[in-house]
Amino acid sequence: MSQGNTPTDFGVSPRSQRFRHSVHEIPTPGSQTKRPPRYEPFIINMWFVAAVAMCMVGFGIAIEVALHISITRNGYHVPEKNVLSFVSTQFLTSFFPTLLVVPLAYFWSIADWMLRWYQPYITLAEGNVPASRSILLDYVEHRLPGRIRLTSFDSQLFVLFYSLKYKHYLIYVSTLTAFTVILLQPLAGSLLQVRQVPYTSNSTAISTRTVALSPDVAQLNAFLSAAGYTEAAVYDDLGDPPYVHGVWTAASFEASNILCSAVAPPGLYLNGTLAVNVTGIQTHVNCVNPTSLNLTSSGGDYTAQATFPNACFTNLVFAASNGNQQYSVMNASNCAPQGQNIEFQPVVFWYYFQDTSASSAPEVAAVFCAPQVSVFATMTSMDLSNGTLGNCTIVGDYVEANNVTGSPLNGQTFNGVVFNQSSNVFIAARALAINSGVPGTIYRFASLQPGGMQSVFNDPYGWLNATSKIYTQHLAVAAQANYLGPNNETIPAILTTNIPRLFIESLPAHLLSGLLILIGLTGFIVHFLHAKARRKLWLTSPPGSIASIVAMTSRSGFGELLLPYDDEERMRTNLTGLKFRLDPRTGAIVAEEDTGVHVGEGASLLGGEHVYLSPMFGTDGFTPLSRSSFKGQDETP
């Protein structure tokens with residue numbers, strides 16, 4: 001073609017005044033050589049699609065079954081320690097579920113791309129469609145005006161718009177499915193979680209203590225140790241010792257040959273608890289405030305007179321020369337039954353304070369306490385990681401014969417702070433240390449309160465609460481050695497350990513299983529219908545290569561209307577007024593004039609003739625060519 005020629009200068013076909021085709025010269029497939037088989041990509045083969053769809057439905061059902069088992073069995077067993085030390089448990093529980101759905105998401109994305117890739121050819125197979133819906137249709141890659149390249153996400157949005165506009169509903173649903181598979185990965189990543197949960201199993205324990213009065217109780221060693229622990233607890237902010245919880249003292253017991261009052265060694269249920277039925281001693285100090293309290297002075301000394309319920313009263317003299325902070329405890333003999341030993345009589349704690357930094361009167365407080373212990377059969381638990389005693393629940397009264405509730409004590413309780421005079425200097429020293437140590441600990445505890453000592457005096461229940469707390473701990477700690485003797489009895493126990501368990505989260509599981517089943521069924525239906533639509537299409541090679549496109553259009557003729565440097569807008573203009581289809585005999589793409597249809601920008605009717613715009617070689621303009629421009633051309637095939 002010379003430089004001044006246009007595509008319309010090469011003649012026309014019998015069906016078009018703008019170009020001439022030679023499809024009739026193509027041999028009929030199979031007449032001279034064997035017709036090549038139909039090309040069908042493996043990824044959209046119905047057998048393969050059906051297999052993937054069935055896997056997704058099965059996967060969704062399996063997730064629901066696994067969720068049900070997770071709920072009913074309190075999760076799944078996992079190793080106590082992560083077997084892969086170089087990665088975290090959180091990484092494993094999010095990575096592997098995501099790894100399972102990535103191939104599925106990738107498959108449906110590629111399958112959707114294949115369907116969009118095939119759609120122009122299926123439209124051509126249906127026949128008689130304009131260029132915008134056939135050879136110019138591009139569902140794979142769209143561009144905005146100005147040749148702005150779209151991202152994959154933006155391109156799919158355009159596919160949704162144009163597929164709905166052109167009523168290509170299979171493409172629309174397929175693209176929506178490809179959008180939906182994006183949700184599979186975050187849902188799979190949040191599907192699994194490892195949590196520490198209590199796990200209960202039946203076990204046994206050995207009770208090492210039972211109710212029995214210690215033969216060494218008169219040595220006061222247990223009371224001195226209890227006073228020392230109580231003092232340390234106040235100074236160092238300690239809690240109850242392993243076998244004591246508030247007012248309760250439990251008989252110690254062994255689990256797996258480890259004494260529960262000691263910290264369990266590494267590897268032995270470090271995060272577990274052991275619940276057993278053991279003997280429990282309940283301590284009540286029964287402390288009350290005085291009904292009246294008077295302080296009088298005489299010669300620099302102070303005399304305090306206190307009256308308590310049940311007509312109990314007591315007096316104490318404070319020598320001001322002994323300091324402005326004083327404390328003591330004494331037995332209340334006139335409040336005890338006649339003839340009761342001094343060790344079992346009620347006691348009165350006294351506290352004296354005078355603020356020397358201000359001209360204020362001295363203050364005194366008194367608290368009356370009548371301690372009592374009770375023995376019960378209890379259900380209690382022990383934290384095996386630190387030996388902390390849990391709550392004790394009363395199961396019943398302790399009915400076995402013993403020398404605490406029976407003879408010789410007959411239910412009497414040592415007050416633990418006032419003792420008989422002893423000729424043994426060591427026992428006398430212990431008694432003195434206990435007698436001064438316990439009220440001193442209470443006094444120290446009061447001084448550590450917010451607002452200091454004065455705030456405790458200002459609170460009407462300040463000294464009562466402080467005394468009850470410290471005195472209860474002192475007697476409860478001493479009860480372990482004084483009222484519980486050696487024993488060796490196997491008892492049933494319930495072991496509860498916090499172990500790692502793998503759980504399936506309900507909401508992500510339901511959403512993921514629902515999406516898997518929905519995508520699988522929807523994808524199968526879309527591909528089944530698309531496979532039926534492809535039956536009219538006989539492609540023998542992948543349609544994406546340049547060679548395959550040339551093979552399908554080289555004899556079609558309408559290529560003469562186009563130039564290599566035409567953009568999409570110019571192509572659309574030059575191809576306006578043509579209808580395209582696949583030739584059923586050869587599979588070539590053929591075009592025909594859409595006679596009787598107004599062609600808009602590309603053509604108009606002037607005097608009953610079609611006027612065509614043909615691009616001039618080397619220019620950007622268009623030259624109108626009328627039917628008379630073809631006079632003298634050979635119009636036969």
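Residues numbered from 1 in each chain as written. Predicted model: local features only at pLDDT ≥ 70, side-chain atom pairs only at ≥ 80, totals over all residues. Heavy atoms only, no water.

What should I look at first to understand the overall build of the protein in this one?
Per the secondary structure count, the protein includes 12 helices and 25 strands. The 637 residues of the protein split such that 43% are buried. When the accessible area of the protein is evaluated, it comes to approximately 32400 Å², of which 57% is carbon and sulfur surface. (Helix = DSSP H or I, 4+ residues; strand = E, 2+ residues; numbered from the N terminus. Buried < 20%, exposed > 50% of the residue type's maximum accessible area, 1.4 Å probe, protein only. Areas by Shrake-Rupley, 256 points an atom, 1.4 Å probe, with all protein chains shown as cover.)

Help me understand the pattern of salt bridges in this model?
Opposite charge on two side chains permits them to pair, given that their charged atoms come into close proximity. Applying the stated criterion across every chain yields a total of 6 salt bridges. In this structure, R195 engages E505 in a salt bridge whose closest nitrogen and oxygen atoms are separated by 2.9 Å. Pair noted here: R195 is in strand β5 (residues 192–211) and E505 is in the loop between β20 (484–504) and α10 (506–533), with a separation of 310 residues, a long-range link. Judged by relative accessible area, which is 32%, R195 ranks as partly exposed. (Salt bridge = Lys/Arg side-chain N within 4 Å of Asp/Glu carboxyl O.)

Whenever I open this one, unusual backbone geometry confuses me. Can you help?
Glycine aside, residues mostly have negative phi, and peptide bonds are mostly found in the trans state. Along the chain, S407 connects to P408 via a cis peptide bond; the corresponding omega equals 15 degrees. Along the chain, P408 falls in the loop between β19 (393–397) and α7 (425–447). The phi dihedral of N74 falls on the positive side, at around 55 degrees, and the residue is not glycine. Tracing the backbone through its elements, the reader meets N74 in the loop between α1 (46–72) and β1 (76–77).

Help me understand the nonpolar core in this model?
In globular proteins that are soluble, nonpolar side chains generally tend to be buried together. Within the largest apolar cluster, 54 residues are counted, with the highest numbers of intra-cluster contacts made by F349, W463, Y471 and Y483. Mapped by element, the contributors of at least two residues to this core are α6 (221–235), β16 (347–353), β17 (363–369), β18 (372–383), α7, α8 (452–458) and α9 (462–482). If we ignore the near neighbours within four places in the chain, the residues touching W463 are Y351, A365, V367, I442, Y443, A446, M453, V456 and F457. W117, A125, L539 and L561 belong to the second-largest nonpolar core, a separate cluster that totals 52 residues. (Core = buried A, V, L, I, M, F, W, Y, C linked by side-chain atoms within 4.5 Å. Contact = heavy atoms within 4.5 Å.)

Would you explain the environment of T405 in this entry?
One can find T405 in the loop between β19 and α7. Using a relative accessible area of 41% as the deciding quantity, one classes T405 as partly exposed. Linking T405 and V211, residues 194 residues apart in sequence, is a C-alpha distance of 8.9 Å. Not counting chain neighbours up to four residues away, the residues in contact with T405 comprise V375, N410 and G411.

How should the sheet that holds strand β2 (residues 129–130) be read in this particular structure?
As a general point, the strands of a sheet are linked pairwise by backbone hydrogen bonds and lie either parallel or antiparallel. One open sheet holds the 3 strands; their spatial order is β2-β21-β22, and the pairing between them is antiparallel. Pairing within the sheet leaves two strands with one partner each, and these edge strands are β2 and β22 (589–593). Taken together, the 5 bridges between strand β21 (residues 578–582) and β22 define a ladder with antiparallel strand orientation. In the strand pairing of β22, F580 is matched with A591. Contacts from helix α2 (residues 89–126) reach β2, β21 and β22 within the one sheet, and its direction differs from that of β21 by about 100 degrees. (Pairing = 2+ DSSP bridges. Axes fitted to C-alpha atoms, helices over the stretch in contact; angles between N-to-C directions.)

Hey, could you run me through a nonpolar patch on the surface in this one?
Taken together, the side chains of F91, F95, F96 and L99 make up a nonpolar region of the molecular surface, amounting to roughly 370 Å² of accessible area. Among the structural elements, F96 can be located in helix α2. (Patch = residues over 30% accessible without salt bridge, like charges linked within 9 Å, V, L, I, M, F, W, Y side chains within 5 Å.)

Mind showing me how you'd approach the side chain of D112 here?
Looking at the secondary structure, you find D112 in helix α2. The contact partners of D112, leaving out residues within four places of it in the chain, are Q156, I171, S174, T175 and A178.

How should the packing of α1 against α10 be read in this particular structure?
Between two packed helices, both the angle of their axes relative to each other and the distance between the axes serve to describe the pair. α10 packs onto α1 with a crossing angle of 165 degrees between their chain directions and a minimal axis gap of 9 Å. Here α1 is positioned roughly antiparallel relative to α10, judged by the angle of their axes. When you trace α1 past α10, the crossing you get is left-handed. For the contact of α1 with α10, the residue count by class is 20 nonpolar, 7 polar and 1 charged. (Parallel < 35°, antiparallel > 145°, perpendicular 65-115°, else oblique. Left-handed = near helix turned anticlockwise from the far one by under 90°. Nonpolar A, V, L, I, M, F, W, Y, C, P; charged D, E, K, R; others polar.)

Before we go on, may I ask you to explain α2 in this structure?
Three or four residues apart is the spacing at which side chains of an α-helix point the same way, because the helix has 3.6 residues per turn. Between its first and last C-alpha atoms α2 spans 55 Å; for 38 residues at 1.5 Å apiece the expected length is 56 Å, and the two agree. Taking the largest bend as the criterion, α2 deviates by roughly 40 degrees, centred on Q119, and proline P120 comes between one and four positions later. Within two residues after α2, G127 carries a phi angle of roughly 90 degrees, on the positive side. (Expected span 1.5 Å × (residues − 1). Bend = angle between axes of the 7 residues up to and from the residue.)

What am I meant to see in α6 here?
Taking 1.5 Å per residue as the helical rise, α6 with its 15 residues ought to reach 21 Å, and the 21 Å between its terminal C-alpha atoms agrees with that figure. Listed as buried for α6 are A222, F223, A226, A227, T230, A233 and V234. End-on view of α6: buried residues confined to an arc of 135 degrees, all on one side of the axis. Buried residues in α6 make contact with α7 and α9. (Arc of directions from axis to C-beta.)

Which parts of the structure should I look at to understand the sheet that holds strand β13 (residues 301–308)?
Taken together, 3 strands build an open sheet; the order of strands is β12-β13-β14 and the sheet is antiparallel. On the outer flanks of this sheet lie β12 (292–298) and β14 (312–319), each paired with one strand and no other. For this sheet the average axis-to-axis angle between neighbouring strands, irrespective of direction, equals 15 degrees. Pairing of β12 with β13 involves 7 bridges; the strand directions are antiparallel. Its bridge partner being in β13, T296 is matched across the sheet by T303.

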